[in-house]
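# A look at the structure
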Number of protein chains: 2
Amino acid sequence: MCPESRDVPAGDLTKTGMALTHDREWAYELDRIVETVQERDAVTVGLQFPEGLKRRGPGVAADLRDRLDDDVAVLISGQPCYGACDLDTELMRRSDVFVHFGHSPMKESEKILYVPLVSNVDPFPIMQEALEELASPAEDPDLCLVTTAQHHDRFDAMRSWLEARGYVVHTRRGDDRLTHEGQVLGCNYASADVDAEQVLYVGGGKFHPVGLAFEHRDKRVVIADPVNNVVDVADADAFIKQRYGAIHRAMDADTWGVIYCTKIGQGRWETAREIVDDNKDAYLITMDEITPDRLMNFGLDAYVNTGCPRITTDDGPQFDRPVLTPGEYEIATGREPMDALSFDTFHGTW
Amino acid sequence: MCPESRDVPAGDLTKTGMALTHDREWAYELDRIVETVQERDAVTVGLQFPEGLKRRGPGVAADLRDRLDDDVAVLISGQPCYGACDLDTELMRRSDVFVHFGHSPMKESEKILYVPLVSNVDPFPIMQEALEELASPAEDPDLCLVTTAQHHDRFDAMRSWLEARGYVVHTRRGDDRLTHEGQVLGCNYASADVDAEQVLYVGGGKFHPVGLAFEHRDKRVVIADPVNNVVDVADADAFIKQRYGAIHRAMDADTWGVIYCTKIGQGRWETAREIVDDNKDAYLITMDEITPDRLMNFGLDAYVNTGCPRITTDDGPQFDRPVLTPGEYEIATGREPMDALSFDTFHGTW
């Protein structure tokens, strides 16, 4: 375990593991990118980094320019980026080769090179500590194992490690939104649809396990976080209370904005269209980034976000009007009962 | 003059005249939009409003839905919009008919309907007051007259009014970025390239006249603001000092981000490319909205914004690193002398 993480208070799961520490080397496959650019006689190369890696962008661009002909333009996306659902399609159109860093492929494409970010943190010491939070194999041998793209390279080793300690490890690839066996996304926990009541999440931060606990409310989700060096149990109660609060406030709404997100992997056109077709006081609004400022301008009473569910649930309190998921809208308008509340899973690609 | 504007303190030019007061009727040409949609058998209609009109969006959409077939989808753009340079091209691609409200055309297109916002405020009482700030016709008969798209319908009447008082009124259409005789944009004051040392700006707010005073530093720019009911003289000194401050801070920069703006009317690709080709420590970054958050992530020492110059000059102090116009970059890197500072005029369309 790294010495600096010893100072992190227990339960502080602030680091997601999706950023590079300043001094860490990063094997970002320069050769593969250069070869692809040369093979395709590309003249424009677009690079897209998620927020935690953007600071490495200029360095990567400099390395590429050193190796490529002078007439090749290297462009870095300055758009926010929160996942493989969130490709900079504008830059992609302008690029002959488009390199997306830090996320696993949501869908393969001829033009896109995906370059992963693989964690170098050893997960086994914190998994050892996490055993104390899990039911023992004698009490309950069935255990679901999930992780993020940053740790998937050790997924088989994690499974073997748990099996050696007596667990029957249940895993799944989830649906076609997911690349790897046992992988979770912020919007999709289909990999935990297995026959086990306890789940071990190995990865950084609370973002993923809290979503998992919300989607699978019958399961106990133990967090083994090798990035913050913390063991915890995911608790979705605060989330669920907050969601019921938003639903209740939205029940008074006379007018609705229905947001159709234009990000390539976040569009649910049919869902948005059905709501508007069925409610004469609902208006279709299109945007990429969904922010409090952008919604406030319209002055509507409540909003339904058919885009990223984590903006709805995690950023919800920042909006001055209630913002609901499509399922929550059904509840607020009396089409579904209160106990129909569920996590707004995103399926499919684009 | 409207009674409520009497309460505005002298010199307070906060209202731009580009928003509708809540109770004001707006003749937004519903018939023309409906006819165009029907003529073209359009199935998707995109509506885009600038910030000051967004609140009217749902009402316009409701009127259109009442008049159109049920199978026509009406979509409202939720993207920020600051000018005719700033069309929502994503929504435009999805729309059979695209209606852009509140700005005059920067370039005609088959798909776009432009619906203007014309002010109903009488400009002549405040022009009468502004005469006291102007040199009399006996002292200097030559007077340049400019206004914004909101007031252009009375432009000829303003000219006649000034001529009746003894002035020789000089006007121009400017270049092809501008629609109307005497019109100014935040980024283009070519309509004031006339042989007169004094300029009368009739319109709301300080945004346009301060830009004009910066571009034409040899001219005296008198503001007759019928929206805030204020007469003032535009002063670009604070702007110019702030720009020199940014240039001085940028002189220490080792690394540069060169922003290429992807908004349809704000792209200066050649300018961006030339800077990067000539400076191995400069990196091309593409984005639509240029915000402090988006730049901070890259951790570069200074930035050159080849997009909207008003973000550079007006929002400059909000960025934690210096952001320069292309011309200011030339000064900061010693390619041009200090006194080469000038307003970063935007020419052309797209």
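This structure is a prediction, so every number in the text was calculated from the model and none was measured. (Residues numbered from 1 in each chain as written. Chains lettered and ligands numbered in written order. Predicted model: local features only at pLDDT ≥ 70, side-chain atom pairs only at ≥ 80, totals over all residues. Heavy atoms only, no water.)

### Focus: the overall build of chain A
Along chain A, the regular secondary structure elements total eleven helices and 13 strands. Taken against the 2.2 N^0.38 rule, which gives 20 Å for 350 residues, the C-alpha radius of gyration of chain A at 22 Å falls within 12% of a compact globule. Here the C-alpha coordinates of chain A stretch approximately 60 × 60 × 35 Å along the principal axes. Out of the 350 residues in chain A, the part that is buried amounts to 57%. (Helix = DSSP H or I, 4+ residues; strand = E, 2+ residues; numbered from the N terminus. Rg over C-alpha atoms; globule rule 2.2 N^0.38 Å. Buried < 20%, exposed > 50% of the residue type's maximum accessible area, 1.4 Å probe, protein only.)

### Here's the deal with the relation of the copies chain B and chain A
Between chain B and chain A, the superposition needs a rotation of 180° and an axial shift of 0.0 Å, giving an RMSD of 0.0 Å. Expressed as a symmetry operation, the mapping of one chain copy onto the other fits a two-fold axis. By C-alpha distance to the rotation axis, the residue of chain B lying nearest is Glu90(B), at 4.5 Å. Of the residues that chain B buries at the interface, 100% are likewise interface residues in chain A, meaning the two copies contact each other through the same surface. (Least-squares fit on C-alpha atoms with pLDDT ≥ 70 in both. Contact = heavy atoms within 4.5 Å.)

### Structural notes on helix 5 (residues 155-164) of chain A
All names here are of chain A. When helix 5 is considered as a whole, its buried residues turn out to be Phe155, Met158, Arg159, Trp161 and Leu162. End-on view of helix 5: buried residues confined to an arc of 160°, all on one side of the axis. Seen from the open side of helix 5, the exposed residues pointing more than 90 degrees away from its buried face are Asp156 and Ala164. Check the buried side of helix 5 and you find it contacts helix 4 (124-130), strand 5 (142-147), strand 6 (168-170) and strand 7 (198-202). After helix 5 finishes, the residue Gly166 shows a positive phi value of roughly 100°. (Arc of directions from axis to C-beta.)

### Points about the packing of helix 1 (residues 30-39) of chain A against helix 2 (residues 57-67) of chain A
All names here are of chain A. Axis separation between helix 1 and helix 2 bottoms out at 11 Å; the angle between their running directions is 50°. The angle between the axes of helix 1 and helix 2 places the two elements in the oblique class. For the element pair helix 1 and helix 2, the recorded crossing hand is right-handed. Contact residues: Leu30, Asp31, Ile33, Val34 and Gln38 in helix 1; Asp63, Leu64 and Arg67 in helix 2. Considering only residue class, the contact of helix 1 with helix 2 consists of four nonpolar, one polar and three charged. (Axes fitted to C-alpha atoms, helices over the stretch in contact; angles between N-to-C directions. Parallel < 35°, antiparallel > 145°, perpendicular 65-115°, else oblique. Left-handed = near helix turned anticlockwise from the far one by under 90°. Nonpolar A, V, L, I, M, F, W, Y, C, P; charged D, E, K, R; others polar.)

### Structural notes on the pairing of strand 9 (residues 230-233) of chain A
Residue and element names in this part refer to chain A. In terms of strand pairing, strand 8 (residues 220-225) meets strand 9 through four bridges, oriented antiparallel. Bridging from a neighbouring strand, Val222 pairs with Val233 of strand 9. The loop that links strand 8 with its antiparallel partner strand 9 comprises four residues; one of these, Asn229, has a positive phi angle of about 60°. (Pairing = 2+ DSSP bridges.)

### Some points on the interface of chain B and chain A
The figure often quoted for interface size is the accessible area lost as the parts come together. Counting residues at the interface gives 44 residues for chain B, matched by 45 residues for chain A. Between the two partners, chain B and chain A, sit zero salt bridges. Inspection of the chain B/chain A interface yields 22 residue pairs in polar contact (both at pLDDT 80 or more). Mapped onto the side of chain B that touches chain A, the elements with two or more residues apiece are helix 2 (57-67), strand 2 (73-77), helix 3 (89-94), helix 8 (269-277), strand 11 (282-287) and helix 9 (292-296) of chain B. It is strand 11 of chain B that provides the largest number of residues to the side of chain B that touches chain A, a total of six residues. Here the side of chain B that touches chain A is composed, by residue class, of 21 nonpolar, eight polar and 15 charged. Looking at chain direction, strand 11 (residues 282-287) of chain A and strand 2 of chain B are connected through three bridges and run parallel. (Salt bridge = Lys/Arg side-chain N within 4 Å of Asp/Glu carboxyl O. Polar contact = N/O pair within 3.5 Å; in protein donor to acceptor, adjacent residues only side chain to side chain.)

### What to know about the environment of Ile311(B)
Residues and elements named next belong to chain B. Looking at the element boundaries, Ile311 is found in helix 10 (residues 309-314). Looking at Ile311, the relative accessible area reads 17%, which means it is buried. Separated by 134 residues in sequence, Ile311 and Arg177 have C-alpha atoms that sit 18 Å apart. Setting aside residues up to four positions removed in sequence, Ile311 forms contacts with Ile290, Asn305, Gly316 and Phe319.

### A closer look at the pattern of salt bridges
Applying the stated rule across the entire model yields 36 salt bridges over all chains. A salt bridge links Lys54(A) to Glu51(A); its shortest N-O distance comes to 2.6 Å. Exposure remark for Glu51(A): the relative accessible area of 22% places this residue in the partly exposed category. Of the charged contacts, one joins Arg67(B) and Asp31(B) as a salt bridge, the two residues approaching to 3.2 Å between their closest N and O atoms. A residue pair is termed long-range when its members are at least 10 positions apart, and Arg67(B) in helix 2 and Asp31(B) in helix 1 (residues 30-39) qualify at 36 residues. Asp31(B) sits in the partly exposed class, given a relative accessible area of 43%.

### Comments concerning empty space enclosed by the protein
Going through the model one piece at a time under the given rule, you end up with two cavities of 30 Å³ or more. Estimated volume of the largest cavity: approximately 490 Å³. Lining the largest cavity are 32 residues, with Gln79(A), Asp288(A), Gln79(B), Glu90(B) and Asp288(B) positioned closest to its centre. Breaking the lining of the largest cavity down by element, the ones donating at least two residues are helix 3 (89-94) and strand 11 of chain A together with helix 3 and strand 11 of chain B. Residues belonging to the lining of the largest cavity are distributed by class as follows: nine nonpolar, nine polar and 14 charged. Its boundaries defined by the atoms lining it, the second largest cavity holds a volume of some 30 Å³. Class assignment for the residues of the lining of the second largest cavity results in three nonpolar, three polar and two charged. (1 Å grid on protein atoms, 1.4 Å probe; cavity = no way out; pocket = protein on both sides within 12 Å on 5 of 7 lines; lining within 4 Å. Points joined across faces, edges and corners; volume = space filled by probe spheres on them.)

### Focus on helix 1 of chain B
All names here are of chain B. Taken as a whole, helix 1 has its buried residues at Leu30, Ile33, Val34, Thr36 and Val37. Burial along helix 1 is one-sided: seen end-on, the buried residues are contained in an arc of 165°. Summarising the contacts, the buried residues of helix 1 are in contact with strand 1 (44-48), helix 2, strand 3 (97-101) and strand 4 (112-115).

### Remarks on the packing of aromatic side chains
In this structure the tally under the stated criterion is 20 aromatic pairs over all chains. Ring geometry for Phe49(A) against Phe101(A): centres 4.3 Å apart, planes inclined by 10°, an arrangement best described as stacked. One end of the pair, Phe49(A), is in the loop between strand 1 (44-48) and helix 2; the other, Phe101(A), is in strand 3 (residues 97-101), with 52 residues separating them in the sequence. The exposure class assigned to Phe101(A) is buried, which follows from its relative accessible area of 0%. Geometrically, the ring pair formed by Tyr189(B) and Phe343(B) is edge-to-face, given 5.5 Å between the ring centres and 65° between the ring planes. Of this pair, Tyr189(B) sits in the loop between strand 6 (168-170) and strand 7 (198-202) while Phe343(B) sits in the segment after helix 11 (326-332), placing them 154 residues apart in sequence. (Phe/Tyr/Trp six-rings, centres within 6.5 Å; stacked < 30°, edge-to-face > 60°.)

### Let's talk about the sheet that holds strand 8 (residues 220-225) of chain B
In any sheet, the strands associate via hydrogen bonds between backbone groups, in a parallel or an antiparallel arrangement. Residue and element names in this part refer to chain B. Across the sheet, five strands lie side by side as 6-5-7-8-9; this open sheet has mixed pairing. Single-partner strands in this sheet number two, and they are strand 6 and strand 9 (230-233). Direction aside, neighbouring strands of the sheet carry axes that sit 25° apart on average. For strand 7 and strand 8, the ladder comprises five bridges, and the chain directions are parallel. Looking at the pairing, Val199 lines up with Val221 of strand 8. Running over the sheet, helix 5 (residues 155-164) touches strand 5 (142-147), strand 6 and strand 7 and is turned about 160° from strand 5. Against the sheet, helix 6 (residues 207-215) makes contact with strand 5, strand 7 and strand 8, and its axis sits at roughly 170° relative to strand 8, the strand it touches most.

### Description of the environment of Thr291(A)
All names here are of chain A. Looking at the secondary structure, you find Thr291 in the loop between strand 11 and helix 9 (292-296). For Thr291, a relative accessible area of 27% puts it in the partly exposed group. Taking the C-alpha atoms as reference, Thr291 lies 8.7 Å from Gln318; in sequence the two are 27 residues apart.

The quantities given are spatial measurements derived from coordinates; they are silent on function.
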